[in-house]
Amino acid sequence: MKNLLFILCIIVCSIQANAQELTITGTVTDATGPLPGVNVISSGTKYGATTDFDGIYTIKAKKGDTLAFTYIGYKYKEVIVKESLKIDVVLEEDNTALDEVVITSYASSSEIAYTGNNVRKVTKREKIQNKISNQLAGSVAGVQITKGTKNTAKPIVIRGVSSISAGNEPLYIVDGVPAKEGNRAIYKIKPSKIKSMEVFKSPKASVLFGEAGKNGCVIITTKGYTSTINYDEEYAKLSENQFKKVTLNPLSTFSIDVDKAGYSNIRRMINNGEDIPFDAVKVEEMVNYFDYAYPQPIDEHPFSITTNLAKTPWNTQTQLVRIGLQGKEYLNEELPASNLTFLIDVSGSMGDYNKLPLLVSAFKLLVHQLREKDKVSIVVYAGAAGVVLPPTSGHQKEKIINALSKLEAGGSTAGGEGIELAYKLAEKNFKKNGNNRVILATDGDFNVGASSNSDMEKLIEEKRSSGVFLSVLGFGMGNYKDSKLETLADKGNGNHAYIDNMQEAQKVFGKEFGGTLYTIAKDVKIQVEFNPAKVQAYRLIGYENRLLADEDFVDDTKDAGELGSGHKVTALYEVVPVGVKSDYVKDVAGLKYINTEVTDSYTDELFTVKFRYKKPDSDTSVEMVHIQKSEETEMSADFKFASAVAIFGLQLRKSQFTNNASFSTVLKLAEQGRGEDKQGYRAEFIRLVNATNKEL
């Protein structure tokens, strides 16, 4: 009996030992490295696990259990748990591709959609469709979406096609926006900034995201917007202006720029703790954001000219030139009657709080300033374009505001179709001798029909001849297309602003109402001729995407910038005086066929600057000439502040021309140039510099 009990005890202990749960750890890799998001399931327990971003997993299992490893795009693999508590696995790629996934949902009304001239409810099925298409259409390679019809149970079909992006990275969506940088971007996010994270594996990732999710999908929600990812924002490539020798390049020619989007966009990035892409920093737009005390014009020309010369605050070897234009200022009641067409993006990408909701609030500020003689129309576009409000008198403010308040976001983005319809409506209601303007408000994420920058440029150039001007207002972040919106404004005889909050909306539609809406001079060009007797070399600070060929200055067919009522334009040059040794001036071989000897004439002149402009209704330009003497003067408060903004922009761009200037130099100049600062914009700039300095 004792022997029997002993044997039974051994059996029970053995069973208990075999049934004991073990903690298994390991790393899952492929041929290139760790795999995050791999699904690991134990056959004998209720436990499952997912590998982290280093491919490491931890799971409970028993001896004899089978661990199943599954990951979309890779072959299924099983491993039996034996003695070892560490099980590393290498997965092999599986080239089997997803063909088609079907998602079905049924109708239930809740939102407003605009299709053509019709207003209707958006179904629950369309909401799901919009959410998916908003995330993927035009942003993620390898996805085609086929939509169902109204009030039917016809499913949304997502067809996976061959991705143009090779590799095995999962799809990352951060705060609702596909992360363009993929895996590398995720490593930049501080763990303390992550609110939640979901990992979708096979087959769910493929169901939700088609071929784009073939390697799985990681959806991350942050605690507030995180700058550590550039998302899918687009900025035109800028190559910084270099120093040019006057004897070889005596002329500097460029188009004016009154756009201010660059500054408010950078302000948004700094306030959100973001990394700032170099190409997002447009120094001239930063400088021109601020108000300077230039004199009003007193002659027949629509703007005055101011020039100054002073020592460069950040480089003792150079001098700083300031050229300032001041547009004639008109009171609101003095402006001609306006024919305004609001062109508003109501696509799915505009659903965020800082897009359509902010846009509507901003436009209400504009509506409150309209007069009875002004007319407003509203055109919206998503998957299609439609007229929401026919031309309505400015005294019917409640009617206009009600139309704005009903706007809801949903659908893809047919920007080209919207522009066509808006211009057609503006031309139909054209006011002779009036202010005819389309005001486009969007994040610029066009993905249906004509949508590329070149498509937009061609379309707007065709519309420009109609006499209808264009203002472009950018909203939102994550998928903001600055390059596209800048192209539209430049080619549409208009201006470009970025509205990140109601303070900026008040500035654009309140303080600068006339400049935003009423053009007093178009195709304004500047050409500076430096005197080689006084200047060795010069460099235009900013304006990289506004440069013109020297011969374009006298060519009236060449487009240039527009100047609005009360607008100010500032341009800065850094120059190397004759006789000063500078690393910026490089030796070049002598010329055989061109005489580069310097004349003894005009020895008291530093440069001559010429301006050409056209009246808004004219195709022939008028020329103005201004001469700057070579005497240095003390910097005014305005000049100091403009210098502070310029050097800060150069620091953000990691420019080679900062001469290692410190943030304390920026702050000292800004404080000295702060002045009265009634609106507090200069104080805000100082706060931004301080915030950036602390980050670095």
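Look up a bit, the structure's there.
Residues numbered from 1 in each chain as written. Predicted model: local features only at pLDDT ≥ 70, side-chain atom pairs only at ≥ 80, totals over all residues. Heavy atoms only, no water.

Caption draft 1: Just the pairing of strand 25 (residues 469–474), in detail. Across the six residues of strand 25, six count as buried, placing the element largely inside the fold. What you see with strand 25 is no split at all: F469, S471 and L473 on one side and L470, V472 and G474 on the other are buried throughout. Summarising the sheet, strand 24 (residues 435–442) and strand 25 pair through six bridges and their orientation is parallel. When the sheet's bridge partners are listed, R437 is paired in strand 25 with F469. As paired elements, strand 25 and strand 26 (residues 495–498) share four bridges and run parallel to each other. Bridging from a neighbouring strand, V472 pairs with H496 of strand 26. Assessed by its sense of winding, the connection that carries the chain from strand 25 through helix 11 (residues 482–491) to strand 26 is right-handed. (Buried < 20%, exposed > 50% of the residue type's maximum accessible area, 1.4 Å probe, protein only. Helix = DSSP H or I, 4+ residues; strand = E, 2+ residues; numbered from the N terminus. Pairing = 2+ DSSP bridges. Right-handed = clockwise from strand over helix to strand, strands pointing away.)

Caption draft 2: Region of the structure containing the environment of Q317. Tracing the backbone through its elements, the reader meets Q317 in the loop between strand 19 (303–311) and strand 20 (319–327). Overall, Q317 belongs to the partly exposed group, its relative accessible area being 34%. As a C-alpha pair, Q317 and S582 span 265 residues in sequence and 6.7 Å in three-dimensional space. Not counting chain neighbours up to four residues away, the residues in contact with Q317 comprise V576, P577, V580, K581, S582 and D583. Within the local environment of Q317, its side chain forms a polar contact with the backbone oxygen of K581, the two atoms lying 3.1 Å apart. (Contact = heavy atoms within 4.5 Å. Polar contact = N/O pair within 3.5 Å; in protein donor to acceptor, adjacent residues only side chain to side chain.)

Caption draft 3: Here's a closer look at the sheet that holds strand 20. Read from one edge to the other, the open sheet built from five strands follows the order 17-28-30-20-19, with strand pairing classed as antiparallel. In this open sheet, the two strands that pair with only one neighbour each are strand 17 (244–245) and strand 19. Here strand 17 runs beside strand 28 (residues 535–541); their pairing, made up of two bridges, is antiparallel. From the neighbouring strand, K244 faces strand 28, where its bridge partner is Y538. Lying on the sheet, helix 14 (residues 637–652) is in contact with strand 19, strand 20, strand 28 and strand 30 (568–577); it crosses strand 20 at an angle near 110 degrees. (Axes fitted to C-alpha atoms, helices over the stretch in contact; angles between N-to-C directions.)

Caption draft 4: Representation of the environment of V554 in the model. Within the secondary structure, V554 sits in the loop between strand 28 and strand 29 (561–564). Accessibility expressed as a relative area gives 54% for V554, which makes it exposed. Spatially, the C-alpha atoms of V554 and R612 are 7.9 Å apart, while their sequence positions differ by 58 residues.

Caption draft 5: The packing of helix 7 (residues 356–367) against helix 12 (residues 502–511), seen in detail. Across the interface, helix 7 lies against helix 12 with an axial gap of 9 Å and an inter-helix angle of 30 degrees. Here helix 7 runs over helix 12; the crossing is right-handed. Of the residues in helix 12, those touching helix 7 at L358, S361, A362, F363, L365 and L366 are M502, A505, Q506 and F509. Looking at the contact of helix 7 with helix 12 residue by residue, the class counts come to eight nonpolar, two polar and no charged. (Left-handed = near helix turned anticlockwise from the far one by under 90°. Nonpolar A, V, L, I, M, F, W, Y, C, P; charged D, E, K, R; others polar.)

Caption draft 6: The arrangement of the sheet that holds strand 22 (residues 375–381) in detail. Strand order in the open sheet formed by six strands is 23-22-21-24-25-26, and the pairing between neighbours is mixed. Where the open sheet ends on each side, the last strands, each with one partner, are strand 23 (385–393) and strand 26. Each strand axis lies, on average, 15 degrees off the axis of its neighbour in the sheet, ignoring direction. Summarising the sheet, strand 22 and strand 23 pair through six bridges and their orientation is antiparallel. Looking at the pairing, Y381 lines up with A385 of strand 23.

Caption draft 7: Fine view of helix 8 (residues 397–405). All of the buried residues in helix 8 are I400, I401, A403 and L404. Along helix 8, the residues classed as buried sweep out an arc of 155 degrees about the axis, all on the same side. Residues of helix 8 that are buried in the fold lie against strand 21 (338–345), helix 7, strand 22 and strand 23. (Arc of directions from axis to C-beta.)

Caption draft 8: Looking closely at the nonpolar core. One finds F303, F342, I344, I378, L404, L473 and Y573 to be the most contacted residues of the largest nonpolar core, which totals 70 residues. Broken down by element, the residue count for this core peaks at eight residues, all from helix 7. Judged by nonpolar contacts, the second largest core, of 66 residues, contains M269, I270, I276 and L320. (Core = buried A, V, L, I, M, F, W, Y, C linked by side-chain atoms within 4.5 Å.)

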